[in-house]
Amino acid sequence: MKRIALLLGLLVVLSLPIVAQRTDILEKDRFTRIDSLLNDVLFGDDDLYAIFKGKKHFQFIYAGTNYNSRTYFAGREIEDKQYNLSGQLYYMHSLGFFTGVSGSWYSQLDPAYRTTVISAGFGKGLKKLNFLRYRASVDYFLFHIDDFDPLYNSSLNAGITLKSKSLGTRLDGSLLMGQEFGQQVSWDVYAYLNLIKFGRFDYLRLEPEVSLFWGSEAAEFLLNEAYFDETTQTEISSYYKDVFGLLNIQLQLPLSLSWKSFDLEVSYNYNLPQTIGDGESYAESSYFRISLGYIFNL
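(A) Seen up close, the pattern of salt bridges. On inspection of all chains with the given rule, the structure shows seven salt bridges. Its salt-bridge partner being Arg-70, residue Glu-77 comes within 2.8 Å of it at the nearest N-O pair. For Glu-77, a relative accessible area of 31% puts it in the partly exposed group. Where Glu-217 meets Arg-76, a salt bridge forms, and the shortest distance between an N and an O atom there is 3.0 Å. Of this pair, Glu-217 sits in strand S13 (residues 209-229) while Arg-76 is found in strand S3 (residues 76-77), placing the two residues 141 residues apart along the sequence. Both residues of the pair, Glu-217 and Arg-76, count as buried.

Right, here's the structure in full:
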């Protein structure tokens, strides 16, 4: 059974060209994926009903936290060797509704705690096509930074999942809104490999996953012929342009322990960042993640 703590596993931190400008979407991709996985787990996994003793309708609170040894946006590192901690608190109902609040702390940013995300959404599976699930949600960002005017303050998110007992794939998209509009798309393919079963619903297993992330980036392009700018007294050989494209491919190998209402996950993640344009290529990178979650039955 895939419990809700696994939703913490897809931490990818978003950013704009400089840290101060990045703040308004610093959390965005991770919380978009949290929305998706909350619905994917709760409304897609029949084993979860066993926790609630077969009740037709049930509700619960999920609390979770996770640690990431490095901080990235689409494979691009944010500060040198910066680690981060995050926490989530969600209320969920089996009818398909959920709401919650999330936030993160960063080791090298000032202030370290800078954004709170409030989320609400709905997700459900189709009765006649039980391998197909859909979801939609809205996020609102609260910023804890003096004299900061964010480009984005909210987002609309939607996605679908196709899933069997051991394999699955999901597609998610987000529309960022505020002073400007932005868009993000992610596509994930994953599998479940049970290592040890402690009972019907408790296990230790591997959950390998491949994730592709598309977004916008200010990419550098070389000019066919350089020219001299008399105003700045510099030679201009390139220009920058916002381009939407594939930014990162991430390989994930999580080891997940599920026991009663607890979940513990340790994951190794490897980034293959994709360079758009003619700029310097980004180096491949890796980091570790530890996640812990608990379900409170209401």
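(B) Structural view of the environment of Tyr-91. Among the structural elements, Tyr-91 can be located in strand S4 (residues 84-93). Here Tyr-91 falls in the partly exposed class, since its relative accessible area comes to 30%. Considered as a pair, Tyr-91 and Ala-120 are 29 residues apart in the sequence and their alpha carbons are 9.5 Å apart. Not counting chain neighbours up to four residues away, the residues in contact with Tyr-91 comprise Gln-59, Phe-60, Ile-61, Phe-97, Phe-98, Thr-99 and Leu-298. Within polar-contact distance, the side chain of Tyr-91 engages the side chain of Gln-59 at 2.4 Å.

Cut-offs used in this document
- The numbers attached to residues start from 1 for each chain and follow its sequence in the written order.
- Only residues with pLDDT of at least 70 get local features here, since the model is predicted, and only at 80 or more are side-chain atom pairs given and counted; chain-wide, interface and lining totals rely on the full set of residues.
- In computing side-chain properties, one takes all heavy atoms of the structure into account and sets aside hydrogens as well as water.
- The salt bridge criterion pairs a side-chain nitrogen of Lys or Arg with a carboxyl oxygen of Asp or Glu, the two atoms within 4 Å.
- Using a 1.4 Å probe on the protein chains alone, a residue whose accessible area is under 20% of its type maximum counts as buried, one over 50% counts as exposed, and one in between counts as partly exposed.
- Note on conventions: DSSP H or I runs of at least 4 residues are helices, E runs of at least 2 residues are strands, and numbering of each starts at the N terminus.
- Working rule for contacts: check all heavy atoms of both residues, and any pair within 4.5 Å makes them a contact.
- Polar contacts, as used here, are pairs of N or O atoms within 3.5 Å; protein pairs need one atom able to donate a hydrogen and one able to accept it. Residues neighboring in sequence count only if both atoms are side-chain atoms.

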